[in-house]
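Below are the chains, spelled out letter by letter.
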Amino acid sequence: MPTRTRAPRRRGKLAPLAFVAPFLLLFLLTFVVPIGYAVYQSVMDVEHTGPLGLGGSRTVFVALSNYSDALSDHAFLRSIGRVLLFAVVQVPLMVVLAAGLALLLDSASARGVRFFRAAYFLPYGVPGVIASILWGFLYVPGVSPLVDGMRHLGISVDLLGGDTVLWSIANIVTWEFAGYNVLVLVAQLRTIPTELYEAARIDGASAWMTVRHVKLPLLRPALILTTVFTIIGTLQLFAEPLVLKPVSSSIDSSYTPNLSAYNEAFTNDNYHLAAAEAVLLALAAFVLSFGFLRLVNKKGGDA
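Residues numbered from 1 in each chain as written. Predicted model: local features only at pLDDT ≥ 70, side-chain atom pairs only at ≥ 80, totals over all residues. Heavy atoms only, no water.

Chemist: Hey, could you run me through the overall build of the protein in this one?
Modeler: Each helix and strand counted, the protein has 12 helices and 2 strands in total. For the protein, the sequential pattern of α-helices and β-strands runs α-β-β-α-α-α-α-α-α-α-α-α-α-α. Relative to the globule expectation of 19 Å for 303 residues, the C-alpha radius of gyration of the protein, 25 Å, shows a markedly less compact shape. Looking at the protein as a whole, 33% of its 303 residues are labelled buried. Working note: accessible area of the protein is about 18,500 Å², and carbon and sulfur atoms make up 68% of it. With 22 positive and 18 negative side-chain charges, the protein shows a spacing of 19 Å between the two charge centroids. (Helix = DSSP H or I, 4+ residues; strand = E, 2+ residues; numbered from the N terminus. Rg over C-alpha atoms; globule rule 2.2 N^0.38 Å. Buried < 20%, exposed > 50% of the residue type's maximum accessible area, 1.4 Å probe, protein only. Areas by Shrake-Rupley, 256 points an atom, 1.4 Å probe, with all protein chains shown as cover. Lys, Arg positive; Asp, Glu negative; His and termini not counted. Charge placed at Lys NZ, Arg CZ, Asp CG, Glu CD.)

Below is the structure:
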C-alpha cells in the first residue's frame, strides 16, 4: 500500500515540471546557450603562429583582453555615448506619447477607437528595415516632399546631417513602436474597474483629476513595463542606422554599439572582439533596466 500511494504523489509532483519543461528547454536553447557562447567567444582570440603569422592559427584564452580593446576604442565609446544620449530623449518621449495616446483612446468621449487603435498599431507591423527605407526617402533632399516643402517655407534643414540624423532616427523608432506601447497601456486601462470612475465622478472629480489620481496610479505597472522595453530597445539600435548609412555620410560603421559589433564580426572578421562588444552592450542594458526598476520600486515603497 505505501508504494501505491507514493507513486501517485510522485507523479503529481512531476506533472508541473512536464508542463514547464518545453518552455525551459526553449529558454535554455534560445537565451542561455547563446549568451553563454557569446561570453565564451569574448574571452578567446585567434593566435597566429610561424613567420608573418603564416604557420597556422589556434584559439587561445585571453581573459579580458577583448573587453580592454573594446573599451579603449574611441569609436565604440562614442557609439555608447550616442545611444545613451538617444535614450535620454527617446525613452521619455516614447512613454509620454504612448501614455497620452492611450488615455485619449480610453476617454469616454473618444470616437473611432477601433480605427485609431489599428492605425497606431499598424507601423509596428512594418519591419524596421522597411520602415527605415520608407522614411529614408522622406529624408533625402530632391526626393523628399518634406524637405522640399520646408525649403519652400524658407526652412533649410538637412535631415541626414551630423546634427540631425540621430533625431531623424528617433522619429523612425517612435513611429515604429509607439503603437505597440499604446496597446499595452490601453490593455492595462481596460482592467481598471468602472466603479472607481463612478466613485470619482460622485466625489466631484474632474476628468483631469480622474486621470491623475485614478488612471495614472493604476497604469503604473504598464508604464514601468513599457519603459523597460523602450530602454532595452533603444540600446539595441541597429536596423535604422544600418539602412540610412548609404544615404548619410554622418553614419559610420561604429555609429551604434550594435553596428560596431556587426562591423567587427562581418567586415573585420573579428568575432571575438564583436562578442565582447555585444556582452558589454548586454551588461549596459541589464544595469540600466534593473537600475530603473530598483529606482521605481524604491519610490513606490516610500510612497
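Chemist: What is the right way to look at the packing of helix α5 (residues 128–139) against helix α6 (residues 145–152) in this model?
Modeler: How two helices sit against one another is set out by the angle between their axes and by the gap between those axes. Following both chains from N to C, one finds α5 and α6 inclined at 25 degrees, their axes separated by 5 Å at the closest point. Comparing the axis directions of α5 and α6 gives the class roughly parallel. In this structure, α5 uses W135, L138 and Y139 to contact α6, whose residues at the interface are P145, L146 and V147. For the contact of α5 with α6, the per-class residue count stands at 6 nonpolar, no polar and no charged. (Axes fitted to C-alpha atoms, helices over the stretch in contact; angles between N-to-C directions. Parallel < 35°, antiparallel > 145°, perpendicular 65-115°, else oblique. Contact = heavy atoms within 4.5 Å. Nonpolar A, V, L, I, M, F, W, Y, C, P; charged D, E, K, R; others polar.)

Chemist: Would you explain unusual backbone geometry in this entry?
Modeler: Most peptide bonds are trans, and most residues other than glycine sit at a negative phi. Although it is not a glycine, A63 adopts a positive phi angle of roughly 60 degrees. A relative accessible area of 31% places A63 in the partly exposed class. One non-glycine residue, D269, adopts positive backbone phi at about 60 degrees. By the element assignment, D269 lies in the loop between α11 (257–266) and α12 (271–302).

Chemist: Would you mind going over the pattern of salt bridges with me for this structure?
Modeler: One pass over the structure, following the stated rule, counts 4 salt bridges. For D106, the salt bridge identified is with R190, shortest N-O distance 3.4 Å. Pair noted here: D106 is in helix α3 (residues 74–106) and R190 is in the loop between α7 (165–189) and α8 (194–202), with a separation of 84 residues, a long-range link. With its nearest N and O atoms 3.8 Å apart, the salt bridge here joins D148 to R151. (Salt bridge = Lys/Arg side-chain N within 4 Å of Asp/Glu carboxyl O.)

Chemist: Would you explain the nonpolar core in this entry?
Modeler: As a rule of thumb, nonpolar side chains are buried together in soluble globular proteins. Ranked by size, the top nonpolar core spans 28 residues in total, and within it A102, V182, L185, L189, L219, L223 and F292 carry the most contacts. Taken together, the elements giving at least two residues each to this core come down to α3, α7, α8, α9 (207–235) and α12. Among the elements that make up this core, the one with the highest residue count is α3 (9 residues). Here L189 is in contact with A102, L103, D106, Y197, K215 and L219, once residues within four sequence places are set aside. W135, L159, I169 and A178 belong to the second largest nonpolar core, which has 20 residues in total. (Core = buried A, V, L, I, M, F, W, Y, C linked by side-chain atoms within 4.5 Å.)

On their own, these measurements won't tell you what the molecule is for.
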